[in-house]
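# Remarks on the overall topology
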Amino acid sequence: MNYKIAVVPGDGIGPEVIDQALRVLDRIGEKYNHTFTYTKVLAGGAAIDATGKCLPQETIDVCKASDAVLLGAVGGWKWDNLPGDERPERALLGLRKELGLFANLRPAMLFEELSQACPLKPEIIEGGLDLVVVRELTGGIYFGEKGTKETEMGPAAYDVELYSEEEVRRIAIVAFDMAMKRNKKVTSIDKANVLESSRLWRRVVAEVAKDYPEVELNNLYVDNAAMQMVLNPKQFDVIVTSNIFGDILSDEASQITGSIGMLPSASLAKGNFGMYEPVHGSAPDIAGQNKANPMATILSAAMMLRYTFGLGQEADDIENAVKKVLSDGYRTPDLMANGGKTIGTKEAGELITSAI
């Protein structure tokens, strides 16, 4: 099979970790007789430097013409003083909107080999941790009406949280479909005791739940959910929530796993199309030093094989290779709290490739 992948290396450590993910994909291609065709495009700070825009139209066109998108990271100190709508991070919002990426999947799985890196007590995480946050990605306060106005207290700014029934329904369906393949439990997180938009959210999720009688549905307010995440994270299987709450809670979940450098993500549109990227940022302080952990990006590539291309065995091979490297005691600098043999970005890619 021939698969067309738009590759967005981005900024900071993005190009370094992307190179290792492509190395792993090439090995999968050799083993299973697949052809992965890569087209590299610009977004974020690199695009600003080259074209003056964080998201050139050419990038959008290439992504739309591809089967999937693999992205490194965008942003960095160099562009921090730009106006908000011109910053590199706006490229991510633009890609999500242009590509119709309404569902963000962020798994939080604690590898047994890294259990000591988890900040929670051992008895809380005994037996492992495996949950996924399903975050609505193209609605809510990030995309709502924004503005400034004068008030009695002086100049003010506002951002509107707005959701339609259809936006909630489609993300709820993604969550319940995923729960059917896992442990058949969905926790919907909102702030329905305060927000009108959350009351609509809770009502629509309950309506969707009627079509999945095998799935247990629980509702939590976001403040309680944040507390439960550190008090008893094993109670969660699939979490579904809004854009802003998902942004916050998925970062909290990532820290429970011990290192943000291990966490992949997928942003899905209707059908099989998706954009895949590591959860971590561009980390400009270690860019170009062979220190970045490429495993989150490599695991993102595995998610791409699984969710967009339907290549489950190939995805398993990558995930098992990552586990083997960890089991053999190799650690990138961010994982050295556990002890082990220190390796760099390139060495990690080489070892994982060899283990496939």
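Refer to the structure presented above.
These notes cover the structure that comes with them. (Residues numbered from 1 in each chain as written. Predicted model: local features only at pLDDT ≥ 70, side-chain atom pairs only at ≥ 80, totals over all residues. Heavy atoms only, no water.)

## Re the overall build of the protein chain
On a plain count of helices and strands, the protein chain comes out with 12 helices and 14 strands. For the protein chain, whose C-alpha radius of gyration is 20 Å, the value lies close to the compact-globule estimate of 21 Å for 356 residues. With respect to the three principal axes, the spread of C-alpha positions in the protein chain is 60 × 50 × 40 Å. Burial analysis of the protein chain (356 residues in total) assigns 52% to the buried set. Of the roughly 15600 Å² that the protein chain leaves accessible, carbon and sulfur atoms contribute 50%. A gap of 2 Å separates the mean positions of the 37 positive and 50 negative side-chain charges of the protein chain. (Helix = DSSP H or I, 4+ residues; strand = E, 2+ residues; numbered from the N terminus. Rg over C-alpha atoms; globule rule 2.2 N^0.38 Å. Buried < 20%, exposed > 50% of the residue type's maximum accessible area, 1.4 Å probe, protein only. Areas by Shrake-Rupley, 256 points an atom, 1.4 Å probe, with all protein chains shown as cover. Lys, Arg positive; Asp, Glu negative; His and termini not counted. Charge placed at Lys NZ, Arg CZ, Asp CG, Glu CD.)

## Looking at the pairing of strand β5 (residues 129–136)
Burial analysis of β5 places 7 of its 8 residues in the buried class, the great majority of the element. Examined bridge by bridge, strand β4 (residues 103–110) and β5 share 8 bridges and lie antiparallel to one another. Following the sheet pairing, alanine 108 is matched in β5 by leucine 131. Pairing between β5 and strand β10 (residues 238–241): 4 bridges, direction parallel. Within β10, the residue paired with valine 132 across the bridge is valine 238. (Pairing = 2+ DSSP bridges.)

## A short note on the packing of helix α10 (residues 295–307) against helix α11 (residues 312–327)
Running from amino to carboxyl end, α10 crosses α11 at an angle of 160°, the nearest separation of the two axes being 7 Å. Considering the angle they form, α10 stands roughly antiparallel to α11. Helix-helix and strand crossings are classified by hand; for α10 and α11 the assignment is left-handed. Mapping the contact onto sequence places Met295, Ile298, Leu299, Ala302, Leu305 and Arg306 in α10 and Gly312, Glu314, Ala315, Asp316, Ile318, Glu319, Val322, Val325 and Leu326 in α11. For the contact of α10 with α11, the per-class residue count stands at 10 nonpolar, 1 polar and 4 charged. (Axes fitted to C-alpha atoms, helices over the stretch in contact; angles between N-to-C directions. Parallel < 35°, antiparallel > 145°, perpendicular 65-115°, else oblique. Left-handed = near helix turned anticlockwise from the far one by under 90°. Contact = heavy atoms within 4.5 Å. Nonpolar A, V, L, I, M, F, W, Y, C, P; charged D, E, K, R; others polar.)

## Concerning a nonpolar patch on the surface
A cluster of nonpolar side chains, namely Met227, Val230 and Leu231, defines an oily patch on the protein surface of about 270 Å² accessible area. You can see valine 230 is positioned in helix α8 (residues 222–231). Assessed through its relative accessible area of 37%, valine 230 is described here as partly exposed. (Patch = residues over 30% accessible without salt bridge, like charges linked within 9 Å, V, L, I, M, F, W, Y side chains within 5 Å. Salt bridge = Lys/Arg side-chain N within 4 Å of Asp/Glu carboxyl O.)

## A look at the environment of asparagine 290
One can find asparagine 290 in the loop between β12 (274–278) and α10. Residues asparagine 290 and alanine 348, 58 residues apart in the sequence, show an inter-C-alpha distance of 9.9 Å. In terms of polar contacts, asparagine 290 uses its side chain to reach the backbone amide nitrogen of lysine 346, at 2.9 Å. Only 3.1 Å separates the side chain of asparagine 290 from the side chain of glutamate 347, close enough to count as a polar contact. (Polar contact = N/O pair within 3.5 Å; in protein donor to acceptor, adjacent residues only side chain to side chain.)

What is shown is where atoms sit, not what they do.
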